[in-house]
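A structural walkthrough
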Amino acid sequence: MSEIKKAVIPVAGFGTRMLPITKAQPKEMVTVVDKPVVQYVVEYLVDCNVRDILFITGKGKQAIENHFDKNLELEYLLKKSGKEELLKKIMYINELANIFYVRQKEPKGLGDAILHGENFVGNEYFITMVGDTIYSKNIIEDMLYLHKKYNCSIIALERVNKKDVHKYGVVEIKEYNGVYEIVDMVEKPKPEEAPSNLIITGAYILSPKIFDYLKKTKPGRGGEIQLTDAIKDMLSEEKVIGFEINCKRYDIGDILSWLKANVELSAERFPEFREFLKEFAKNL
Ligand code: UTP
């Protein structure tokens, strides 16, 4: 089994839940503490040695390309004014990974976005992480471990309150050697119809077989081509294992979750802010 070297990050959605922030700015460029959310996602991958990264981008998303590109004028200016630390910080981003781009002409759904990655991925397992979700730790390492062990697709899951399942893809599982084998999945079910309270979080290791299924997937919920529908169909042919994350997840497409990420991650990444934040929260 070859090691996973490629990842696909879809970033072409309109981010309507974050309007008006996202009217002229990609949701994936929204800042969490001191860097855009999508930089965290790329760093998770690079930390696990996955450096060939394809962005599925779209209209109005050029800020993402600029962020990962060189900015020669800025570099020149920082060098000239002796701001070596800042220079290092921005040059580090240019050199993080081998980044490729393909445009999804219309946001027809996450499944359609991933299908745009077929030529890039070829016939290998690959990672998909949505460009607007981050975690309190890097979950990719655990997912790669499980993939190595079971040689199949892996989906990161999170347990939520049953009343919230209608916002997510939800899985039906059976226990298998201490992990969950996925037997069915449903997109945004009513709580009373949900097969569990384990939701799909937006991080996947996928078999290249998924592309055959995506090509056959008809528009589902919301008129979009749903990745969940394609994975569900693939279950008839291939095993898919669910992995329950043991950390916090932040959906930066949701205002409250974004605010939490800023507070909690700043307390973690900048311990000198922690006492101030505690006091500040008490006095709100
Ligand atoms: P979301 O459903 O959270 O993104 O998709 P959205 O559609 O932009 O958000 P809302 O619901 O309108 O607020 C998760 C990820 O998949 C990408 C998004 O950019 C986001 O990073 N995506 C979604 C695509 O690339 N293409 C699509 O057609 C849909």
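Note: the structure precedes this text.
Rules used in this analysis
- In every chain, residue numbers begin from 1 and rise along the written sequence.
- Only residues with pLDDT of at least 70 get local features here, since the model is predicted, and only at 80 or more are side-chain atom pairs given and counted; chain-wide, interface and lining totals rely on the full set of residues.
- Neither water nor hydrogens contribute to the side-chain values; these are computed over all heavy atoms in the structure.
- Being near a molecule or strand, for a residue, means having at least one of its heavy atoms within 4 Å of it.
- Any N or O atom pair separated by 3.5 Å or less is treated as a polar contact, with the protein-specific requirement of one donor-capable and one acceptor-capable atom, and with residues adjacent in sequence counted only for side-chain atom pairs.
- For every accessible area listed, the method is Shrake-Rupley and the probe measures 1.4 Å; residues are considered covered only by the protein chains on display.
- Side-chain classes follow a simple rule in which Ala, Val, Leu, Ile, Met, Phe, Trp, Tyr, Cys and Pro form the nonpolar group, Asp, Glu, Lys and Arg form the charged group, and the remainder, Gly included, forms the polar group.
- Take a side-chain nitrogen of Lys or Arg and a carboxyl oxygen of Asp or Glu: if they are within 4 Å of each other, that pair is a salt bridge.
- Note on geometry: axes are C-alpha line fits, over the in-contact stretch for helices, and angles between N-to-C directions span 0 to 180 degrees.
- By the criteria applied, helices consist of DSSP H or I runs no shorter than four residues and strands consist of E runs no shorter than two, each listed in order from the N terminus.
- Roughly parallel means an angle under 35 degrees; roughly antiparallel means over 145; roughly perpendicular covers 65 to 115; every other angle is labelled oblique.
- Should the near helix be turned counterclockwise from the far one by less than a right angle, the crossing is left-handed, whereas a clockwise turn marks it as right-handed.
- In what follows, a contact means two residues having at least one pair of non-hydrogen atoms within 4.5 Å.
- Classification of residues uses two cut-offs on accessible area relative to the type maximum, computed with a 1.4 Å probe and protein chains only: under 20% is buried, over 50% is exposed, and between them is partly exposed.
- Directions drawn from the helix axis to the C-beta atoms are what define this arc.
- A patch consists of residues exposed above 30% relative accessible area that lack any salt bridge, with like charges linked at up to 9 Å and nonpolar side chains (Val, Leu, Ile, Met, Phe, Trp, Tyr) linked at up to 5 Å.
- For two strands to be treated as a pair, DSSP must find at least two bridges joining them.

Attention now moves to the site of the ligand. Around the ligand, the structure places 19 residues, and the nearest of them are A12, G15, T16, E28 and G109. With respect to the ligand, the backbone of P10 contributes an N or O atom lying 3.1 Å from an oxygen atom. For the ligand, an oxygen atom lies 2.7 Å from a polar atom in the backbone of A12. Out of a free accessible area of 570 Å², the ligand has 84% covered by protein chains. For the shell around the ligand, the per-class residue count stands at 8 nonpolar, 6 polar and 5 charged.

Attention shifts here to the pattern of salt bridges. Scanning the entire structure with this criterion turns up 22 salt bridges. Residues participating in the shared-partner salt-bridge network are K163, D164 and K167.

A separate point is the packing of helix α3 (residues 72–80) against helix α4 (residues 84–94). Running from amino to carboxyl end, α3 crosses α4 at an angle of 155°, the nearest separation of the two axes being 9 Å. One finds that α3 runs roughly antiparallel with respect to α4. For the element pair α3 and α4, the recorded crossing hand is left-handed. For the pair α3 and α4, contact is made by L74, E75, L78 and K79 and by L86, L87, I90, M91 and N94, respectively. Its residues placed into classes, the contact of α3 with α4 shows 6 nonpolar, 1 polar and 2 charged.

A few words now on the side chain of T57. Its place among the elements puts T57 in strand β4 (residues 52–57). Those residues within four positions of T57 in sequence are excluded, and the remaining contacts are V11, A12, E65, Y101, V102, R103 and Q104.

Within α4, burial applies to L87, I93 and N94. Considered in projection along α4, the buried side chains sweep an arc of 125° and stay on one side of the axis. Exposed side chains of α4 directed beyond 90 degrees from the buried face belong to E85, K88 and K89.

Together, I255, L256 and L259 line one region of the surface with nonpolar side chains, adding up to about 270 Å² of accessible area. Note that I255 resides in helix α10 (residues 255–269). For I255, a relative accessible area of 36% corresponds to the partly exposed category.

The buried count for strand β8 (residues 153–159) comes to 6 of 7 residues, which makes it a mostly enclosed element. As judged from the 5 bridges shared by β8 and strand β11 (residues 198–206), these two strands associate in the antiparallel manner. The residue bridging R159 from the neighbouring strand is L198, located in β11.

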